[in-house]
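# Survey of secondary and tertiary structure
This is what each chain is made of:
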Amino acid sequence: MKRLIQPGVAMALSLIVTGTVISAPAYAVENQEAEAYEEVEKGPNNGRMLRQDGFAIELAIFEDGVPPEFRVWATLNGQPLSPDEVKVRVVLDRLGDVQDKIGFFRQEDYQRGDMAIYEPHSFAVALNAEYQGKTYRWAYDNFEGRVDIKDDIAAANGIETAKAGPGTIHQTITAYGELINPVENTRDIVARFAGVVKKVHVKLGSQVKKGDSLVTIESNQGLNAYTIKAPIDGVVSGRYVSAGEQTDGQTLLRLINNRELVAEIYVFPQDRSKVRMGSPVLLEVDGIEQQPQGVISYIGAEIIEGQGFPVRVAIDNAAGVFSPGAFVHGRITVAHYDVPLSVKRDGIQAFRDFQVVYAKVGETYEVRMLELGAQAGEWAEVLGGLEPGTEYVTSNSYVIKADIDKSGASHDH
């Protein structure tokens, strides 16, 4: 369904130029077209003047307090003609083989189009007027927010596209903290019976499995030897004795299981009611490109002064990519809902007073003014301005925006 966008002021039809990415010859053509644009004749109602053999039509888009619509005034040798004497029809050819056929009816001293002219006002115009048995015809291009880019140039500029369709909006809150090794993943190894260390079977940094031999000790009572086994899988993060030393009740080794870490992040008090056990969390770790995901497995009952409520998320670290102490921030999903039409927020750009994406038809790109709903994460809900299934630019849309902006053309009809 075609959607109308914000009404503005009366404007006259005129040529608005397009460009081509990284093309000096095309830029020269743009300048020539811009000069042609400046020479378009305006009528007393700020419309575009179309003249032929003394007969003239002034065609304007009026959008002051109403949805944009065409209005027509006819003259013969400079004298106004009654709207009842002239029959007018306009056909607009839009990008993508879309055609708008517009008839007119009398309204006071002018003729008024019978349908709204929805954004973008970018089309090829064909106007037929009949007066006293004679037919007058005009045709011209009225393009805006449009650019032609060869596919190989688009690829070289990293321009990517996708088709607009249903999506899921994830409402999130952000929390900050660090990676920690939970206490249950750390073991300090001590001797059960005091004695002399006969052999240390591991080195600092050794990876061990549960049940591997760690230290052999000769007990002071009875001089019997016994071996301490690893209680967990892990890495030897501390070695504090050597063969021949007395145990003396000290910690001999420290094991850390770093295959599973915990992100301890802090939720602001005002957000506490939104957070639930099992809520999905996407984590970003300083200096690491990989973004681990997990769910909330613990929510603290008390506020940590200056930080908030502690929340914990377990992450898989089997590859050893992450380290305790690393700064982390998490995006906690607190709500999600499906929408019938959505676009990626990275593809959205500003164009005049609108938020737009660039639709792709063949090797032509053109703005689509959006009416947006909810926005969260990487997606934005589309309420109007874009047809489902439209191919649009998702990545590096700024390249297209820059090329259109380069033309310097304004929204003038």
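Quick summary incoming for the structure in this document. The residue count restarts for each chain, going from 1 along the sequence in the order it is written. Per-residue local features are limited, in this predicted model, to residues with pLDDT of at least 70; the limit for side-chain atom pairs, both in listing and counting, is 80 or more; totals at the level of whole chains, interfaces and linings are taken over all residues. As a rule here, side-chain values come from all non-hydrogen atoms in the structure, and water together with hydrogens is ignored.

On to the packing of aromatic side chains, then. Between rings of Phe, Tyr and Trp, where Trp is taken as its six-membered ring, a pair exists when centres lie within 6.5 Å; planes separated by under 30 degrees are stacked, by over 60 edge-to-face, and by other angles tilted. Throughout the structure, instances matching the rule amount to seven aromatic pairs. Taking 5.5 Å as the distance between ring centres and 45 degrees as the angle between the ring planes, the aromatic pair formed by Trp73 and Tyr110 counts as tilted. In this pair, Trp73 is assigned in strand 4 (residues 69-76) and Tyr110 in strand 8 (residues 110-113), connecting sequence segments 37 residues apart. Here Trp73 falls in the buried class, since its relative accessible area comes to 18%. The buried label applies to any residue whose accessible area, calculated with a 1.4 Å probe on protein chains only, is under 20% of its type's maximum; exposed applies above 50%, and partly exposed to all values in between. By relative accessible area, Tyr110 is classed as buried at 8%. Strands are runs of DSSP state E lasting at least 2 residues, helices are runs of H or I lasting at least 4, and numbering of each runs from the N terminus.

On to the sheet that holds strand 17 (residues 213-219), then. Pairing between strands requires that DSSP locate at least two bridges from one strand to the other. Here we have three strands laid out as an open sheet, ordered 15-17-18, and antiparallel in their pairing. Edge strands, defined here as strands with exactly one partner in the open sheet, are strand 15 (195-200) and strand 18 (225-229). Going across the sheet, the axis of each strand differs from the next one's by a mean of 30 degrees, ignoring polarity. Two strands pair when backbone bridges link them, and strand 15 and strand 17 are joined in this way by five bridges, in the antiparallel orientation. Bridge pairing in strand 17 links Lys199 to Thr216. A fitted line through C-alpha atoms serves as each axis, taken over the contacting stretch for helices, and the angle formed by two N-to-C directions is quoted from 0 to 180°.

To continue, consider the sheet that holds strand 20 (residues 253-256). Reading across the sheet, the four strands line up as 14-20-19-16 and stay open at both edges, with antiparallel pairing between neighbours. The two strands at the open ends of the sheet, each matched to only one other strand, are strand 14 (186-189) and strand 16 (207-208). The pairing of strand 19 (residues 234-239) with strand 20 spans four bridges and is antiparallel. Bridged to Val235 within strand 20 is Ile256.

Looking only at helix 3 (residues 397-407), the buried set comprises Ser397, Val399, Ile400, Asp403, Ile404 and Ser407. Mapping the buried residues of helix 3 onto a view down its axis gives an arc of 160 degrees, with all of them on the same face. Along the arc lie the directions from the helix axis toward the C-beta atoms.

Following the sequence through the fold, Glu366 ends up in strand 28 (residues 364-376). Assessed through its relative accessible area of 2%, Glu366 is described here as buried. Definition of a polar contact: a pair of N or O atoms within 3.5 Å, with one able to donate and the other able to accept a hydrogen when the atoms are protein atoms, and with sequence-neighbouring residues admitted only if both atoms are side-chain atoms. Side-chain polar atoms of Glu366 contact the side chain of Arg146, separated by 2.7 Å. It only takes one pair of heavy atoms within 4.5 Å for two residues to be counted as in contact. What Glu366 contacts, discounting residues up to four positions off in sequence, is Leu95, Pro120, Ser122, Glu144, Gly145, Arg146, Val357, Tyr358 and Ala359.

Of all residues except glycine, most have a negative phi; of all peptide bonds, most are trans. In this model, Glu119 is joined to Pro120 through a cis peptide bond whose omega is -5 degrees. Tracing the backbone through its elements, the reader meets Pro120 in the loop between strand 8 and strand 9 (123-131). The phi angle at Asp97 is positive, at roughly 60 degrees, despite the residue not being glycine. Here Asp97 is to be found in the loop between strand 6 (86-94) and strand 7 (98-107). Located in the positive-phi region is Asn396, a residue other than glycine, with phi close to 60 degrees. Take Asn396: it is sitting in the loop between strand 30 (391-395) and helix 3.

Bridge count for strand 9 against strand 10 (residues 134-142) is nine bridges, and the pairing is antiparallel. Residue Val125 lies in a different strand from strand 10, and its bridge partner there is Tyr140. Hairpin remark: strand 9 followed by strand 10, antiparallel, with two residues in the connecting loop; positive phi at Gln132, about 50 degrees.

As for its position among the elements, Ala376 is in strand 28. Residues Ala376 and His170, spaced 206 residues apart in sequence, show a C-alpha to C-alpha distance of 5.7 Å. Beyond its immediate sequence surroundings of up to four residues, Ala376 is in contact with Ile169, His170, Gln171 and Arg345.

The salt bridge criterion pairs a side-chain nitrogen of Lys or Arg with a carboxyl oxygen of Asp or Glu, the two atoms within 4 Å. Counted according to the given criterion, the structure contains 18 salt bridges. The partner of Glu144 in a salt bridge is Arg352, and the shortest N-O contact between them spans 2.9 Å. Here Arg352 lies in the loop between strand 26 (349-351) and strand 27 (354-361) and Glu144 lies in the loop between strand 10 and strand 11 (146-148), a separation of 208 residues in the sequence. Salt bridges linked by common partners bring Glu69, Arg71 and Arg112 together as one network.

Note: strand 11 against strand 28, three bridges, orientation antiparallel. Directly across from Val147, in strand 28, lies its bridge partner Tyr365. In this structure, strand 27 lies alongside strand 28, joined through seven bridges in antiparallel fashion. Across the sheet, residue Tyr358 finds its bridge partner in strand 28, namely Val367. Across four bridges, strand 28 lies against strand 29 (residues 379-384) in antiparallel orientation. By the bridge assignment for strand 29, Ala376 is matched with Trp379.

Here we take up the side chain of Thr394. The residue Thr394 is located in strand 30 in this model. Every residue in contact with Thr394, bar those within four places of it in the chain, is listed here: Glu160, Thr161, Ala162, Lys344, Asp346 and Gly347.

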